[in-house]
Structure formats: C-alpha cells, structure tokens
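Residue-level structural notes
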Amino acid sequence: MDQIRLDKYLWAVRVFKTRSDAAEAIRTNKVWVNGSTVKPSREVKIGDKIEVRKVRITYSYKVLDLVSSRQPAANVPAYCLNITPQEELDKLVVPRETIFVSRDRGTGRPTKKERREMDALMEDFYYGDEDDED
C-alpha cells in the first residue's frame, strides 16, 4: 500500500471521530496537505504534511506510514507524528484563563434570555472570526 484516501487516513489515525467528519472538514477547507486545500479523495503519501484546523487551533501532522483501518490510540504514533507548534497548543489553555462568567449569589439560575446571551458570548469567543483568518 503506497497511497490511501485522506479522509480514511485521518479517521484511521484518530484525528476525527468518524470518516464523514473527516470528509466534511476537508470539504469545508479546514484541512491542507502540503499547504494546499484538497478533496477527501486526495491520496496521502508517506512524508506528507497535513494541517487540520479545529476550533481556533491548527494541528500539524507528518505522515510516517499508511494505514487503512482505525488504530488504537497507542498505535497512532507509528503512523502519524504530531508536529503542531507549541504556540498553537498554548491556545488550548488561554480560554480557561480568560473567560469567567459569574453570577451574584442568590440570583438563581439564568433565564433563557441570559443563557442565550452567555452562549452567544462563548460562541463568539471560541468560533468567532474563524472565516476572517482563512
């Protein structure tokens, strides 16, 4: 085996939970191979650099070996090397340190309107400006 479909490879090395999730991310231009946007049917080769955008972080992987069936998490390092820069990984910690929603003691649970406002705030923080960055 010297080539495999990109969506199948990303599913096999546990980057995505399902193959359809992988294909959808590829179709919506959240996955690049060697710096170019691709289609789910793109053939992956050993040595390719794959970049995957999830939420606000761009993960980078190097293909070490090809595999067509889903692997246990312990076997993934034999097929795929995570080369994500530390600056990208640090973005995972920032939201926990910067957002804190507090309510006055005794005010009870938030109303439906307040809950929607909090959800909109969190959505803007986590997913906002994602289209602007591409």
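Residues numbered from 1 in each chain as written. Predicted model: local features only at pLDDT ≥ 70, side-chain atom pairs only at ≥ 80, totals over all residues. Heavy atoms only, no water.

1. Here we look at the environment of valine 15
With respect to the helices, strands and loops of the structure, valine 15 is situated in the loop between α1 (6–12) and α2 (19–27). On the accessibility criterion, valine 15 (6% relative accessible area) is buried. Here valine 15 is in contact with Leu10, Val52, Lys54 and Tyr61, once residues within four sequence places are set aside. (Helix = DSSP H or I, 4+ residues; strand = E, 2+ residues; numbered from the N terminus. Buried < 20%, exposed > 50% of the residue type's maximum accessible area, 1.4 Å probe, protein only. Contact = heavy atoms within 4.5 Å.)

2. Overview of the pattern of salt bridges
If you walk through the whole model with that rule in mind, you get seven salt bridges. The partner of lysine 49 in a salt bridge is glutamate 51, with the nearest N and O atoms 3.6 Å apart. Three or more residues are tied together by salt bridges with common partners; here these are Arg5, Asp7 and Arg19. (Salt bridge = Lys/Arg side-chain N within 4 Å of Asp/Glu carboxyl O.)

3. Some thoughts on the nonpolar core
A general tendency of soluble globular proteins is for nonpolar side chains to be buried together. Leu6, Tyr9, Leu10, Val31 and Ile50 are the most contacted members of the largest nonpolar core, which has 26 residues in total. Secondary-structure elements contributing two or more residues to this core are α1, α2, β2 (31–33), β5 (49–54) and β6 (57–63). Beyond its immediate chain neighbours, meaning those up to four positions away, leucine 10 contacts Val15, Phe16, Ala22, Ile26, Val31, Ile50 and Val52. (Core = buried A, V, L, I, M, F, W, Y, C linked by side-chain atoms within 4.5 Å.)

4. Here's the deal with the packing of aromatic side chains
For the coordinates displayed, the defined rule picks out zero aromatic pairs. One cation-aromatic arrangement involves lysine 54 over phenylalanine 16; the distance from NZ or CZ to the ring centre is 4.9 Å. (Phe/Tyr/Trp six-rings, centres within 6.5 Å; stacked < 30°, edge-to-face > 60°. Lys NZ or Arg CZ within 6 Å of the ring centre and 35° of its normal.)

5. Focus on the sheet that holds β6
Read across the open sheet, the five strands follow the order β3-β2-β5-β6-β7; overall the sheet is antiparallel. Lying at the two open borders of the sheet, with one neighbouring strand each, are β3 (36–37) and β7 (80–82). Here β5 runs beside β6; their pairing, made up of six bridges, is antiparallel. The partner of isoleucine 50 across the bridge, within β6, is tyrosine 61. (Pairing = 2+ DSSP bridges.)

So yeah, pure geometry; function would need other evidence.
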